[in-house]
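Descriptive structure summary
If you want the building blocks of each chain, they are given just below.
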Amino acid sequence: KAGVTQTPRYLIKTRGQQVTLSCSPISGHRSVSWYQQTPGQGLQFLFEYFSETQRNKGNFPGRFSGRQFSNSRSEMNVSTLELGDSALYLCASSLPSNTIYFGEGSWLTVV
Amino acid sequence: KQEVTQIPAALSVPEGENLVLNCSFTDSAIYNLQWFRQDPGKGLTSLLLIQSSQREQTSGRLNASLDKSSGRSTLYIAASQPGDSATYLCAVRDIIQGAQKLVFGQGTRLTINP
């Protein structure tokens, strides 16, 4: 059974650009959530989607957005990139109330 | 607001030792607690999930305990091996059933010396 798959794994963007990251959850999982990991702040919750609806949102500016498709795949978008957005972005999926599984992450560097 | 603390931040021990990693949280109204490991440059690997009604969970050489009333969890690693070297993270999950929001500690960076 395939795990959580994230693409791309690595990317470099310039300040002011936007970026879209993709996540394919484990088959059958309808909950998908996103986290940002930085050396200074650790792991912080961005948002969660369930059945194409955003169910929870973390304390991030509106430049961070996401969506979920009918096949449970999810994308997150960051617009007007800032240097401080450089981070590892992790996607996770689970069945309700069950173990949460993470992907390998997308490394974003903003220059 | 839930806060999760892990002590120590880093730990270095010789191979073969048994060790305990600590995790504390400020709000006891949690749904469950999960322990993860993270290898450098990698994502998170789930180790153990403890539901709020449980006291402990075991998987191989790992044993995790939960004392919800005191806001504490421990991860016990028996007979440590160099391959156990990684950062260990604990995370608590909201009381809302099905909600996937996790609040993480800062992690314990573990080094097992051969």
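None of these values were measured; they are calculated from a predicted model.

Another point: the environment of Q37 of chain A. Of note, Q37 of chain A is situated in strand β4 (residues 31-38). Using a relative accessible area of 17% as the deciding quantity, one classes Q37 of chain A as buried. Considering only alpha carbons, one finds Q37 of chain A and S79 of chain A, 42 residues apart in sequence, at a separation of 18 Å. Setting aside residues no more than four positions away along its own chain, Q37 of chain A makes contact with G42, L43, A87, L88 and L90 of chain A together with Q38 of chain B. Here the side chain of Q37 of chain A touches Q38 of chain B through a polar contact of 2.8 Å, side chain to side chain.

Once that is clear, we can look at the environment of N32 of chain B. Position of N32 of chain B relative to the elements: it lies in strand β4 (residues 32-38). Between the C-alpha atom of N32 of chain B and that of F104 of chain B, which follows or precedes it by 72 residues, the distance is 12 Å. When residues no more than four places from it in sequence are discounted, the contact partners of N32 of chain B are S97 of chain A together with L49, I50, Q51, S52, A91, V92 and R93 of chain B. Reaching out from N32 of chain B, the side chain makes a polar contact with the side chain of Q51 of chain B at a distance of 3.4 Å.

Let's shift gears to the sheet that holds strand β8 (residues 72-77) of chain B. Residue and element names in this part refer to chain B. Here we have five strands laid out as an open sheet, ordered β1-β3-β8-β7-β6, and antiparallel in their pairing. Edge strands, defined here as strands with exactly one partner in the open sheet, are β1 (4-7) and β6 (56-59). Between one strand and the next, the sheet's axes are offset by a mean angle of 15°, whatever the strand orientation. In this structure, strand β7 (residues 62-67) lies alongside β8, joined through six bridges in antiparallel fashion. The residue bridging L62 from the neighbouring strand is I77, located in β8.

Before going further, it helps to spend a moment on the interface of chain B and chain A. Interfaces are frequently sized by the accessible area removed from exposure as the parts join. On the chain A side, the residues contacting the 22 residues of chain B number 28 residues. Between chain B and chain A, the buried area comes to about 1800 Å², and carbon and sulfur atoms account for 49% of it. Counting across the interface, chain B meets chain A through zero salt bridges. If you look at where chain B meets chain A, you find five residue pairs in polar contact (both at pLDDT 80 or more). Secondary structure elements with two or more residues in the side of chain B that touches chain A: β4, β5 (44-51), β9 (86-93) and β10 (102-104) of chain B. Split by residue class, the side of chain B that touches chain A holds eight nonpolar, 11 polar and three charged.

In this section: the state of the cysteines. All names here are of chain A. Tallied over the entire structure, the rule returns two disulfides over all chains. A sulfur-sulfur separation of 1.8 Å characterises the disulfide bridge that pairs C23 with C91. Handedness of the C23-C91 disulfide follows from its S-S torsion of about -65°: it is left-handed. Residue C23 is found in strand β3 (residues 19-24), and its partner C91 is found in strand β9 (residues 87-94); the two are separated by 68 residues along the sequence. Neither C23 nor C91 differs from the other in exposure class; each is buried.

Evaluated as defined, the whole model comprises eight aromatic pairs over all chains. Considering the side-chain rings of Y35 of chain A and F45 of chain A, the 5.6 Å spacing of their centres and the 70° angle between planes classify their relative orientation as edge-to-face. Here F45 of chain A lies in strand β5 (residues 42-50) and Y35 of chain A lies in strand β4, a separation of 10 residues in the sequence. Under the relative-accessibility criterion, Y35 of chain A is labelled buried at 0%. For F45 of chain A, a relative accessible area of 6% puts it in the buried group. Taken together, the ring pairs in this structure connect Y35, F45 and F102 of chain A together with F36 and F104 of chain B into an aromatic cluster.

The subject of this paragraph is unusual backbone geometry. T7 of chain A connects to P8 of chain A through a cis peptide bond whose omega is -10°. Note on placement: P8 of chain A falls in the loop between β1 (5-7) and β2 (10-13). Looking along the chain, the bond that leaves I7 of chain B and enters P8 of chain B is cis, with omega of 0°. Relative to the assigned elements, P8 of chain B resides in the loop between β1 and β2 (10-14).

Quick notes on the rules
- Residues numbered from 1 in each chain as written.
- Chains lettered and ligands numbered in written order.
- Predicted model: local features only at pLDDT ≥ 70, side-chain atom pairs only at ≥ 80, totals over all residues.
- Heavy atoms only, no water.
- Helix = DSSP H or I, 4+ residues; strand = E, 2+ residues; numbered from the N terminus.
- Buried < 20%, exposed > 50% of the residue type's maximum accessible area, 1.4 Å probe, protein only.
- Contact = heavy atoms within 4.5 Å.
- Polar contact = N/O pair within 3.5 Å; in protein donor to acceptor, adjacent residues only side chain to side chain.
- Pairing = 2+ DSSP bridges.
- Axes fitted to C-alpha atoms, helices over the stretch in contact; angles between N-to-C directions.
- Buried area = accessible area lost by both parts, 1.4 Å probe.
- Salt bridge = Lys/Arg side-chain N within 4 Å of Asp/Glu carboxyl O.
- Nonpolar A, V, L, I, M, F, W, Y, C, P; charged D, E, K, R; others polar.
- Disulfide = S-S within 2.5 Å.
- Phe/Tyr/Trp six-rings, centres within 6.5 Å; stacked < 30°, edge-to-face > 60°.

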